[in-house]
Amino acid sequence: MSEECTHDCSSCGSNCAERVEEQKNKDNYAGVKKVIAVVSGKGGVGKSMVTSLLAVNSAKNGLKTAIMDADITGPSIPKSFGLKEKAKCDEEGTVIYPEVTNGGIKVMSMNLLMDNETDPVIWRGPVIAGAVKEFWENVKWGDIDCMFVDCPPGTGDVPLTVFQSLPVAGIVVVTSPQELVSMIVEKAVNMANMMDIPVLGIVENMSYFECPDCGKKHEIFGKSHIDEIAAQHDIKAVAKLPINPEAASKVDGGFAEDLDVSALDNIFEAIRNC
Ligand SMILES: Nc1ncnc2c1ncn2[C@@H]1O[C@H](COP(=O)(O)OP(=O)(O)OP(=O)(O)O)[C@@H](O)[C@H]1O
C-alpha cells in the first residue's frame, strides 16, 4: 500500500496486498458459506489430489461441497472426478453452471470450458487472475457449505486474487518432504497473516511409503519435520499421506470419490470448526 492510498481500489491499478476488489453478481455466490484455499510452494506436490480428497471428505460428512479449480493453466480437478461434459451456461451466456460429480460436489474449472482439454491456456497473469474472479462471480454456485479453491503453486497473481476477491476463511498448505518445507510454510503463514486468514492445517503428502509386504514405514525422502514446523507456527492440524500409487491411479483415473479419505479427518475438523 502506498503512502498516498485513498482506500478506493476502484480508481487505483496497484496490485497491493490490501487491494479489495469490487464484487458483482452477488446472487451467484451469496450461498457459499465457507471458502478454503489449498496452496503449495511448488507444483507436483499433490495439491490438486489433496483438494479433491478434502472435498470428498467434506461431502461424505454431509456438507454441500464445491471445488473451484483456480489452477487455470494446469487444471486437473475435473479429471480426478471423471467429469467429461462441458459446463453449460444460461441463454444469455452470462451465468455458468458448475458440473456436479457423482457424489454431488460442484466443480468449476478451465477444463470444463475448453473445447479440448489438452489445449494450453496461454494467458498472462492478470488475465488468468481475471478468470478466477469470473469463476467466483459468474458461476451459479447455489447453496454451498464448503468451497475448496485449488490455487496454483506459489504466491503469484492468482493466489493473491483468491485472497483479495473471495471471502477465504482458512488456508490448507500442502507440502512434500523434498521441499524446503520450513521456508514454504513460513511463506504461507506470512501471506496468511498479511491477509488476516488463519492457516488451518498442513498436509505432508508423499510423507512415507508403507511396504505392502511387511507394513514397515519408510521415509523415502528423509525424516519428516512437519510436526515441529506446525508447532512453531501454532498450526494445530497436521496430516501425513503416504506415497500411494494405487490412490494416485484412482485419482488420475477419475475415481477420487472411491478413496478412503479418513487420513484427512483432522484437517477437515479444523475446516469445519473455523
Ligand atoms: N501420495 C501420492 N502418492 C503417489 N502419487 C501421488 C501422490 N500424491 C499425488 N500423486 C501424483 O502426483 C501427480 C501430481 O499430483 P497433483 O496434480 O495433485 O499435484 P499438484 O501439486 O496439484 O501439481 P500442480 O500444482 O503442478 O498442478 C499426480 O499424478 C498424482 O496422482
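Residues numbered from 1 in each chain as written. Predicted model: local features only at pLDDT ≥ 70, side-chain atom pairs only at ≥ 80, totals over all residues. Heavy atoms only, no water.

Under the counting rule described, the total for this entry stands at one aromatic pair. Their ring planes at 25 degrees and their centres at 4.6 Å tell us that Y29 and W136 sit as a pair that is stacked. Residue Y29 is found in helix α1 (residues 26-29), and its partner W136 is found in helix α4 (residues 125-138); the two are separated by 107 residues along the sequence. Neither residue differs from the other here; Y29 and W136 are each classed as buried. (Phe/Tyr/Trp six-rings, centres within 6.5 Å; stacked < 30°, edge-to-face > 60°. Helix = DSSP H or I, 4+ residues; strand = E, 2+ residues; numbered from the N terminus. Buried < 20%, exposed > 50% of the residue type's maximum accessible area, 1.4 Å probe, protein only.)

This brings us to α4. Helix length check: α4, at 14 residues, gives a terminal C-alpha distance of 20 Å against a target of 20 Å (1.5 Å per residue), a fit within 8%. Listed as buried for α4 are I128, A129, A131, V132, K133, F135, W136, E137 and N138. (Expected span 1.5 Å × (residues − 1).)

Once that is clear, we can look at the nonpolar core. Taken as a class, soluble globular proteins show a tendency for nonpolar side chains to be buried jointly. Judged by nonpolar contacts, the single largest core of 85 residues is most densely connected at W141, M147 and V162. Broken down by element, the residue count for this core peaks at seven residues, all from helix α6 (residues 181-195). When residues no more than four places from it in sequence are discounted, the contact partners of V162 are A37, A70, V132, V149, C151 and V168. (Core = buried A, V, L, I, M, F, W, Y, C linked by side-chain atoms within 4.5 Å. Contact = heavy atoms within 4.5 Å.)

Below, the discussion takes up the site of the ligand. Taken together, 16 residues sit near the ligand, with K47, S48, M49, N205 and N244 positioned nearest. Take G44: an N or O atom from its main chain is 2.9 Å from an oxygen atom of the ligand. A distance of 3.0 Å separates an oxygen atom of the ligand from a polar atom in the backbone of V45. Secondary structure elements with two or more residues in the shell around the ligand: α2 (47-60) and α8 (245-252). Here the residues of the shell around the ligand are counted per class, giving seven nonpolar, six polar and three charged. (Near = heavy atom within 4 Å. Polar contact = N/O pair within 3.5 Å; in protein donor to acceptor, adjacent residues only side chain to side chain. Nonpolar A, V, L, I, M, F, W, Y, C, P; charged D, E, K, R; others polar.)

On the UniProt side, "binding site: ATP" (unreviewed entry) is annotated at positions that read G41, K42, G43, G44, V45, G46, K47 and S48 here. Secondary-structure assignment places G44 in the loop between β1 (35-40) and α2. On the basis of relative accessible area, G44 is assigned to the exposed category, the value being 71%. Judged by its relative accessible area of 13%, S48 falls in the buried class. With residues up to four places along the chain from it excluded, the contact list for S48 reads S76, I77 and D150. At a separation of 3.2 Å, a polar atom in the side chain of S48 contacts the side chain of S76. (UniProt positions renumbered as here; feature names shortened; annotations may be inferred.)

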